[in-house]
Number of protein chains: 2
Amino acid sequence: MSKSSDNPSGGITRRGLLGAGAAGGLVIASGGGFAIGKSEAETPDPAQESVPFNGVHQAGITTPAQDRVHFAAFDLTTTDKAEVKALLKAWTVAAARMAKGEPVGPDNDTPLVPPQDTGEAFGLGPSSLTITFGFGPSLFNERLGLKSKMPAQLQPIPALPGDELDPRISDGDLCIQACANDPQVAFHAIRNLTRIALGTAVMRWCQLGFGRTSKTGAGQETPRNLMGFKDGTANILNDDKEALDNFVWADSESPDWMQGGSYLVSRRIRMLIEAWDRTFLQEQEKVIGRIKDSGAPIGEKNENDPVNLEAKAPNGGYRIPMDAHIRLAGPGDNDQEKILRRGYSFTDGFDTVRGQLDAGLFFICFQKDPRIQFVPIQARLGKNDRLNEYILHTASALFAVPGGVEDQDGYIGQGLF
Amino acid sequence: MSKSSDNPSGGITRRGLLGAGAAGGLVIASGGGFAIGKSEAETPDPAQESVPFNGVHQAGITTPAQDRVHFAAFDLTTTDKAEVKALLKAWTVAAARMAKGEPVGPDNDTPLVPPQDTGEAFGLGPSSLTITFGFGPSLFNERLGLKSKMPAQLQPIPALPGDELDPRISDGDLCIQACANDPQVAFHAIRNLTRIALGTAVMRWCQLGFGRTSKTGAGQETPRNLMGFKDGTANILNDDKEALDNFVWADSESPDWMQGGSYLVSRRIRMLIEAWDRTFLQEQEKVIGRIKDSGAPIGEKNENDPVNLEAKAPNGGYRIPMDAHIRLAGPGDNDQEKILRRGYSFTDGFDTVRGQLDAGLFFICFQKDPRIQFVPIQARLGKNDRLNEYILHTASALFAVPGGVEDQDGYIGQGLF
């Protein structure tokens with residue numbers, strides 16, 4: 001391979017050049033009176049945008065959700081703590097390189113060895129790739145001698161009403177959430193990290209997602225989920241430092257090694273879309289509690305109007321029904337149950353058993369303590385949510401996501417080892 | 001829903017506005033001496049770009065390949081020709097609307113009926129959506145009385161060397177290829193067309209793909225497949241009218257109702273990526289016959305340098321090995337086997353049996369007669385291709401893709417009925 005193979009995206013690619021030209025043009029345009037010139041001028045080619053890997057927190061939690069996710073869970077095939085440590089070190093180095101758009105390793109041009117990088121992302125740019133690592137409850141057992149270091153917050157999620165979980169696509173010792181604006185970049189990350197794990201850990205399950213289903217950045221529009229409704233209107237945004245500190249980042253109740261971290265819950269929520277699609281618009285809106293077109297709470301005008309749970313309809317009942325999803329999914333009476341959602345739509349082909357597309361929401365959320373956030377919310381939803389007629393929770397997982405790697409020589413989860 | 005629900009993408013969206021601003025700015029920049037200004041000025045927000053549905057040929061064949069595909073095959077659940085005709089009419093109307101970014105049907109705001117459109121693509125724009133319909137050999141049997149109208153070119157593909165086909169994800173009476181730059185737009189198309197088919201046809205299988213693997217438009221860069229190699233360098237391009245006429249469009253040997261059409265072969269080609277990833281770079285390059293980094297034929301400098309099959313290596317053997325993929329996949333001695341490829345990468349999660357990612361190439365090609373194009377090529381490849389150690393053909397399908405709908409009142413396949 002050429003001398004540039006060490007960093008194929010470091011040079012100015014053809015796409016990058018065009019992007020720079022556009023920006024330059026708009027600086028001039030802005031001077032000519034285009035009010036929006038500035039923001040456009042600051043927008044480079046999205047394929048060349050990158051998100052720093054190093055920091056107090058891992059990237060991919062408060063990073064405005066990219067368009068695609070490739071999420072994977074792994075099981076250890078070793079009981080040797082040193083090998084796990086070596087894997088986490090190798091993963092850290094590789095992830096930091098890929099976040100910059102570099103190949104996973106530098107040696108890709110020696111004829112008589114396998115290339116370190118598999119190559120399918122050469123030339124695609126970082127595409128805002130974030131790689132977020134987590135540790136499942138099963139990591140903290142006798143095998144590795146880590147039992148005493150398990151956070152109380154990582155207590156496995158109890159059976160919840162309505163669960164129809166498939167253990168083969170649930171849980172795991174380790175997880176990687178790879179998000180990017182290009183699915184090939186996200187795939188490339190998971191594939192190469194899986195390859196690095198060979199001999200230490202094997203993939204247990206993975207899930208692809210597209211079309212983010214939560215508003216996570218202040219500048220983002222609220223996307224629609226596969227039920228056709230705007231999803232994530234009331235989510236915590238990445239510029240709300242107070243809410244992030246109160247609800248997302250591990251607090252002093254968590255062990256030292258989790259400081260700067262958070263707890264991730266994922267749920268594969270299958271939507272029974274054929275039943276949903278045959279439902280009257282009015283019923284769909286009562287199920288959700290919002291107007292399909294605007295996203296406004298029932299009875300209000302605009303998406304961001306406050307949700308008034310006390311308002312009555314002419315017939316005397318609540319405008320937002322007692323079993324509407326937004327009533328039950330809200331942050332609770334004591335307002336302590338807020339979570340940071342980061343979900344994606346998925347479709348996994350055709351389910352010949354049910355005779356319909358296997359599609360739905362791959363729900364991901366971050367919080368400081370799932371025991372007092374995700375678990376009570378889902379217990380309430382699983383029992384009473386009018387939406388339950390149209391969904392199935394088919395998989396579940398919980399991971400402790402440690403703080404970020406601040407030091408260039410550090411590695412993910414270093415405080416644990 | 002609001003009055004605008006009839007055409008949510010018809011108004012100027014926030015994204016659309018920004019795009020228009022960028023273009024306007026660049027007209028000025030272009031005047032200031034930016035040579036690339038013009039092409040940028042003509043590039044609107046990609047989400048708002050649309051491809052006309054009506055035309056002599058169906059869209060999605062020579063349309064420069066979009067970034068995503070959602071391909072679905074269907075089986076009829078009726079033996080009534082009138083019902084099939086009605087389905088094709090309804091599909092035509094819906095596809096033409098969706099190609100413009102409109103909801104699949106206009107009625108989405110009546111409270112006491114199910115909305116005609118499922119809603120998840122509201123606000124996403126057409127995203128260059130193309131919807132391409134095809135008819136499988138099994139459509140032409142006694143059931144519908146169409147046996148005499150079956151093109152000879154649609155003769156089912158014979159068993160080929162190396163086939164490991166799964167019949168559950170092969171073949172089908174009808175197919176839809178939905179391509180778009182946004183996966184949610186492609187999903188939305190397949191979902192709504194599936195819904196319209198209820199009572200007449202049911203989905204048999206579907207396949208998602210990303211990261212197009214063939215260069216199909218003169219302005220496109222050659223993408224890389226999941227083996228990390230550039231794929232589609234020598235493909236027929238959409239501005240090569242002579243090659244399209246010679247190799248892609250049905251000729252006078254095809255029935256009248258196929259004029260303007262083509263024949264589609266799809267193959268789900270699983271890559272054994274773990275074995276591939278452990279292979280030396282030099283061996284990977286010998287398997288393909290090209291240099292991984294540059295895409296040049298072995299011994300040449302640049303991707304588009306001619307493939308010299310006679311050139312010898314210092315050891316006296318051919319530089320491009322006798323069993324290299326590009327040697328065997330070439331257009332044959334008589335040069336009549338050229339095909340228009342339009343493949344996509346896929347990954348369908350983790351295969352617990354083989355312990356690796358289930359990923360590869362969803363190969364799609366168009367040609368005037370598969371019997372003298374795809375079949376001899378694949379017979380040669382299946383027997384001798386050095387690549388066979390690293391791939392498995394797991395599914396196959398063949399469809400007659402009729403000409404486009406030129407008349408606003410026409411429908412797909414009208415000439416057949």
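Residues numbered from 1 in each chain as written. Chains lettered and ligands numbered in written order. Predicted model: local features only at pLDDT ≥ 70, side-chain atom pairs only at ≥ 80, totals over all residues.

A. Quick look at the overall build of chain A. Within chain A, the secondary structure is distributed over nine helices and nine strands. Looking at chain A as a whole, 53% of its 417 residues qualify as buried. (Helix = DSSP H or I, 4+ residues; strand = E, 2+ residues; numbered from the N terminus. Buried ≥ 20, exposed ≤ 12 C-beta atoms within 10 Å, placed from the backbone.)

B. Summary view of the pairing of strand E2 (residues 130-135) of chain B. Residues and elements named next belong to chain B. When you tally the buried positions in E2, you get six out of six residues, the bulk of the element. Summarising the sheet, E2 and strand E3 (residues 174-180) pair through six bridges and their orientation is antiparallel. When the sheet's bridge partners are listed, Ile 131 is paired in E3 with Ala 178. (Pairing = 2+ DSSP bridges.)

C. Examining the packing of helix H3 (residues 81-99) of chain A against helix H4 (residues 183-196) of chain A more closely. Residues and elements named next belong to chain A. Running from amino to carboxyl end, H3 crosses H4 at an angle of 155 degrees, the nearest separation of the two axes being 10 Å. When the axis of H3 is compared with that of H4, the two are roughly antiparallel. In this structure, H3 crosses over H4, and the sense of that crossing is right-handed. Note on element contacts: H4 touches H3 through Ala 189, Asn 192, Leu 193 and Ile 196, opposite Ala 90, Trp 91, Ala 94 and Met 98. (Axes fitted to C-alpha atoms, helices over the stretch in contact; angles between N-to-C directions. Parallel < 35°, antiparallel > 145°, perpendicular 65-115°, else oblique. Left-handed = near helix turned anticlockwise from the far one by under 90°. Contact = placed C-beta atoms within 7 Å.)

D. Looking closely at the environment of Leu 112 of chain A. Among the structural elements, Leu 112 of chain A can be located in the loop between H3 and strand E2 (130-135). Each residue touching Leu 112 of chain A, except ones within four places of it in the same chain, is listed here: Phe 280 and Gln 282 of chain B.

E. Representation of helix H7 (residues 281-288) of chain B within the structure. Residue and element names in this part refer to chain B. Of the residues making up H7, those classed as buried are Leu 281, Gln 284, Glu 285, Val 287 and Ile 288. One side of H7 holds all its buried residues, which, seen down the axis, span an arc of 155 degrees. Taken together, the buried residues of H7 touch helix H8 (325-329). Phi for Gly 289, located one or two positions after H7, is positive at around 95 degrees. (Arc of directions from axis to C-beta.)

F. Molecular detail of unusual backbone geometry. Look at Ser 127 of chain A: it is not a glycine, yet its phi comes out positive at around 50 degrees. Tracing the chain through its elements places Ser 127 of chain A in the loop between H3 and E2. Judged by the 27 C-beta atoms lying within 10 Å of it, Ser 127 of chain A is buried. Phi angles above zero are rare outside glycine, and Asp 171 of chain B is one such case at about 60 degrees. Relative to the helices and strands, Asp 171 of chain B resides in the loop between E2 and E3.

G. Looking closely at helix H9 (residues 374-384) of chain A. Residues and elements named next belong to chain A. Along H9, the residues classified as buried are Phe 374, Ile 377, Gln 378 and Leu 381. Around the axis of H9, the buried residues are gathered within 90 degrees of arc, so they sit on the same side. Considering only its buried residues, H9 is in contact with strand E5 (262-271), helix H8 (325-329) and strand E8 (356-367).

H. Layout of the confidence of the model for chain A. Residue and element names in this part refer to chain A. Residues at a pLDDT of 70 or more form 89% of chain A, whose mean pLDDT is 88. Under a pLDDT of 50 for its full length, residues 1-41 has, in the predicted model, 77 contacts with residues more than four places off or in other chains. The ipTM, which scores confidence in the relative placement of chains, is 0.88 for this predicted complex, and the corresponding pTM is 0.89. (pLDDT = per-residue confidence, 0-100.)

I. Structural detail: the nonpolar core. Core analysis: the biggest nonpolar cluster contains 212 residues, and Leu 129, Ala 178 and Ala 186 of chain A together with Ala 178 and Ala 186 of chain B have the highest contact counts within it. Filtering out sequence-adjacent residues up to four positions away, Ala 186 of chain B remains in contact with Arg 68, Val 69, His 70, Leu 129, Ala 178, Cys 179 and Ala 180 of chain B. (Core = buried A, V, L, I, M, F, W, Y, C linked by C-beta atoms within 7 Å.)

J. Quick look at the environment of Asp 245 of chain B. Within the secondary structure layout, Asp 245 of chain B lies in helix H5 (residues 241-248). When the 11 C-beta atoms within 10 Å are taken as the criterion, Asp 245 of chain B is described as exposed.

K. Broad picture of the environment of Asp 171 of chain B. Residues and elements named next belong to chain B. According to the C-beta neighbour criterion, Asp 171 is buried, with 23 such atoms within 10 Å. Considered as a pair, Asp 171 and Gly 136 are 35 residues apart in the sequence and their alpha carbons are 6.9 Å apart. Once you skip the residues sitting within four places of it in the chain, Asp 171 turns out to touch Ala 73, Gly 136, Ser 138 and Ala 397.

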